[in-house]
Protein chains: 2
Amino acid sequence: MADAAPGSSTTSRVVLLILRVFSFVLLLISLIVLAVNSGTMESDVGTLKIHFNDVYAYRYMLAAIVIGFAYSLMQLAFSVFRLLMANGCLGGDCGVLLDFYGDKVVSYVLATGAAAGFGVTTDLKRVFEIAGLDFGDKFYQMANASASLLFLAFVCTAICSVLSSYALPKKF
Amino acid sequence: MADAAPGSSTTSRVVLLILRVFSFVLLLISLIVLAVNSGTMESDVGTLKIHFNDVYAYRYMLAAIVIGFAYSLMQLAFSVFRLLMANGCLGGDCGVLLDFYGDKVVSYVLATGAAAGFGVTTDLKRVFEIAGLDFGDKFYQMANASASLLFLAFVCTAICSVLSSYALPKKF
């Protein structure tokens, strides 16, 4: 973005900032929904309880959300800084590369987190039903809600990744 | 890649071609390993059999492999064509955009396929053990092997995606 036309550069910075704010908010809600998710069932041996961290795939989902959240927060700070300082120290090639590789890697992390969450929820519900374990639909619905929010945050980051790719200097 | 220096452009085309060949071979092996994966166990009610398509996450994995395979095949044909024809009709802006968006979307598909596969295998094994279902370790090992190959194919496609991003025309 450093050596681009000022008008379109500022527009793209505003679009990026809006997308990063969206991503940040979505990840925050996703984190809360996942963290409070638990289910209980009454059995012959007493009350059985399941918490999101009993499922490894949800733990990975949590890790993906936290990584995405930290990255969004950092990029949000950078974006505001760049928007205020037209030729700031974060607007050079280093900043462009940070945007490009950061958005790319974090969008993969978010996509895989959502995929792991969706994948395990569907099959876990079926296997638990076969095994006679019924923790209620709310547990799976909240896990899916969290994964959906994570997926939306991934979409925002993937769009950021496309925008930051166009800002790359041509090498070949 | 159309208006780049000829030397580095040819090098990048060769690197892309090698990566696409790797990706194609990895996806082919991953497809075979997943498709033949099944497990059996003896129970009081007779022989129980599980096949990869009984698990929804593995079905998604199969879909991801097939999409990646078809894309690799198409790109392989284009890459050979471009390598032979220095200024062919697939070397213009249209080809660059096809590379960029194609690599980006397919790399996300492959990453999510591998994540869904890894995620479900770990938790499914634990829940099956709790439910007293033992289909043998081979079933999970082969599923993980297929997901690992899919992950390696994703890495190749992600590198292609980085290379094709550098070839994009600058827009802002």
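None of these values were measured; they are calculated from a predicted model. (Residues numbered from 1 in each chain as written. Chains lettered and ligands numbered in written order. Predicted model: local features only at pLDDT ≥ 70, side-chain atom pairs only at ≥ 80, totals over all residues. Heavy atoms only, no water.)

**With respect to the overall build of chain A**
No. 1: Looking only at helices and strands, chain A features 4 helices and 2 strands.
No. 2: Counting every position in chain A, which comprises 172 residues, the buried fraction comes to 51%.
No. 3: Long-range pairs, those at least 24 residues apart, make up 80% of the contacts in chain A with a sequence separation of at least 6.
No. 4: In the form shown here, chain A has an accessible surface area of approximately 7700 Å², with 71% of it arising from carbon and sulfur atoms. (Helix = DSSP H or I, 4+ residues; strand = E, 2+ residues; numbered from the N terminus. Buried < 20%, exposed > 50% of the residue type's maximum accessible area, 1.4 Å probe, protein only. Contact = heavy atoms within 4.5 Å. Areas by Shrake-Rupley, 256 points an atom, 1.4 Å probe, with all protein chains shown as cover.)

**Thoughts on the pairing of strand β2 (residues 46–51) of chain A**
One face of the sheet, then the other: side chains in a regular strand alternate in exactly this way.
All names here are of chain A.
No. 1: Bridge count between strand β1 (residues 38–43) and β2: 6 bridges; the pairing is antiparallel. Paired with serine 38 across the bridge in β2 is histidine 51.
No. 2: The hairpin formed by β1 and β2 contains 2 residues between the paired strands. (Pairing = 2+ DSSP bridges.)

**Looking at the relation of the copies chain B and chain A**
No. 1: When chain B is brought onto chain A, the operation consists of a screw motion whose angular component is 180 degrees and whose axial shift is 0.0 Å, with 0.0 Å RMSD remaining. Read as a symmetry element, the transformation amounts to a two-fold axis.
No. 2: When you check the interface residues of chain B against chain A, 100% turn up at the interface there too, and the contact is symmetric in its surfaces. (Least-squares fit on C-alpha atoms with pLDDT ≥ 70 in both.)

**So, the environment of asparagine 53 of chain B**
No. 1: Tracing the sequence through the fold places asparagine 53 of chain B in the loop between β2 (46–51) and α2 (56–84).
No. 2: Measuring from C-alpha to C-alpha, the distance between asparagine 53 of chain B and asparagine 37 of chain B comes to 9.2 Å, with 16 residues separating the pair along the chain.

**Brief notes about the UniProt feature "transmembrane region" (unreviewed entry) in chain A**
All names here are of chain A.
No. 1: Under the local residue numbering, the UniProt record ascribes the feature "transmembrane region" (unreviewed entry) to residues 14–36, 57–85 and 145–168.
No. 2: Taken as a whole, residues 14–36 contains 96% helix and 0% strand, while its terminal C-alpha atoms sit 34 Å from one another.
No. 3: Taken end to end, residues 57–85 comprises 97% helix and 0% strand; its first and last C-alpha atoms sit 41 Å apart. (UniProt positions renumbered as here; feature names shortened; annotations may be inferred.)

**So, the pattern of salt bridges**
No. 1: With the rule as written, the count across this model stands at 8 salt bridges over all chains.
No. 2: Here arginine 20 of chain B and aspartate 99 of chain B are joined by a salt bridge, their closest N and O atoms 4.0 Å apart. Separated by 79 residues along the polypeptide, arginine 20 of chain B in helix α1 (residues 6–35) and aspartate 99 of chain B in helix α3 (residues 93–130) bring together distant segments of the chain.
No. 3: Looking at arginine 20 of chain B, the relative accessible area reads 4%, which means it is buried.
No. 4: Counted as one network, the salt bridges with shared partners bring together Arg20, Asp99 and Asp103 of chain A. (Salt bridge = Lys/Arg side-chain N within 4 Å of Asp/Glu carboxyl O.)

**Some words on the packing of α2 of chain B against helix α4 (residues 137–166) of chain B**
Residues and elements named next belong to chain B.
No. 1: Put simply, α2 and α4 touch, their axes get as near as 11 Å, and they point 35 degrees apart. Considering the relative orientation of α2 and α4, their crossing is left-handed. Along the contact surface, α2 presents Tyr58, Met61 and Ile65, while α4 presents Phe139, Ala143, Ser146, Ala147 and Leu150.
No. 2: Counted by class, the contact of α2 with α4 contains 7 nonpolar, 1 polar and no charged residues. (Axes fitted to C-alpha atoms, helices over the stretch in contact; angles between N-to-C directions. Left-handed = near helix turned anticlockwise from the far one by under 90°. Nonpolar A, V, L, I, M, F, W, Y, C, P; charged D, E, K, R; others polar.)

**With respect to the interface of chain B and chain A**
No. 1: Between chain B and chain A, the residue contacts involve 40 residues of the former and 40 residues of the latter.
No. 2: A combined buried area of about 3700 Å² lies between chain B and chain A, and 69% of that area is made up of carbon and sulfur atoms.
No. 3: Summed over the shared surface of chain B and chain A, the result is 0 salt bridges.
No. 4: Between chain B and chain A we count 12 residue pairs in polar contact (both at pLDDT 80 or more) in total. (Buried area = accessible area lost by both parts, 1.4 Å probe. Polar contact = N/O pair within 3.5 Å; in protein donor to acceptor, adjacent residues only side chain to side chain.)

**Details of the nonpolar core**
No. 1: Ranked by size, the top nonpolar core spans 88 residues in total, and within it Tyr58 and Phe128 of chain A together with Tyr58 and Phe128 of chain B carry the most contacts.
No. 2: Where this core is concerned, the elements lending two or more residues are α1 (6–35), α2 (56–84), α3 (93–130) and α4 (137–166) of chain A together with α1, α2, α3 and α4 of chain B.
No. 3: Setting aside residues no more than four positions away along its own chain, tyrosine 58 of chain A makes contact with Leu34, Phe52, Gly117, Val120, Thr121, Phe139 and Ala143 of chain A. (Core = buried A, V, L, I, M, F, W, Y, C linked by side-chain atoms within 4.5 Å.)

**A few points about the state of the cysteines**
No. 1: This model, assessed by the stated rule, comprises 0 disulfides over all chains.
No. 2: Of all cysteine sulfurs in the structure, the one in cysteine 156 of chain B sits closest to cysteine 160 of chain B, which takes part in no disulfide; the separation is 7.0 Å. (Disulfide = S-S within 2.5 Å.)

**Observations regarding a nonpolar patch on the surface**
Residue and element names in this part refer to chain A.
No. 1: On the surface, a cluster of nonpolar side chains totalling about 470 Å² of accessible area is made up of Val21, Val25, Leu28, Ile29, Ile32 and Val36.
No. 2: Inspection of the secondary structure puts valine 36 in the loop between α1 and β1.
No. 3: Taking the relative accessible area as the measure of exposure, valine 36 reaches 53% and is therefore exposed. (Patch = residues over 30% accessible without salt bridge, like charges linked within 9 Å, V, L, I, M, F, W, Y side chains within 5 Å.)

**Structural notes on the packing of aromatic side chains**
No. 1: All chains considered together, the criterion is met by 17 aromatic pairs over all chains.
No. 2: When the ring of tyrosine 166 of chain A is compared with that of phenylalanine 100 of chain B, the centres are 5.8 Å apart and the planes differ by 65 degrees; the resulting orientation is edge-to-face. With one member in each of two chains, tyrosine 166 of chain A in helix α4 and phenylalanine 100 of chain B in helix α3 form a pair that bridges those chains.
No. 3: Phenylalanine 100 of chain B gets classed as buried once you look at its relative accessible area, which sits at 0%.
No. 4: These aromatic residues form a ring-pair network of at least three members: Tyr108, Phe151 and Phe154 of chain A together with Tyr108, Phe151 and Phe154 of chain B. (Phe/Tyr/Trp six-rings, centres within 6.5 Å; stacked < 30°, edge-to-face > 60°.)

**Looking at the side chain of serine 23 of chain A**
Residues and elements named next belong to chain A.
No. 1: Structurally, the position occupied by serine 23 is in helix α1.
No. 2: With relative accessibility at 3%, the residue serine 23 sits in the buried group.
No. 3: Not counting the four nearest positions on each side in its chain, serine 23 is found in contact with Ser72, Ala153, Cys156 and Thr157.

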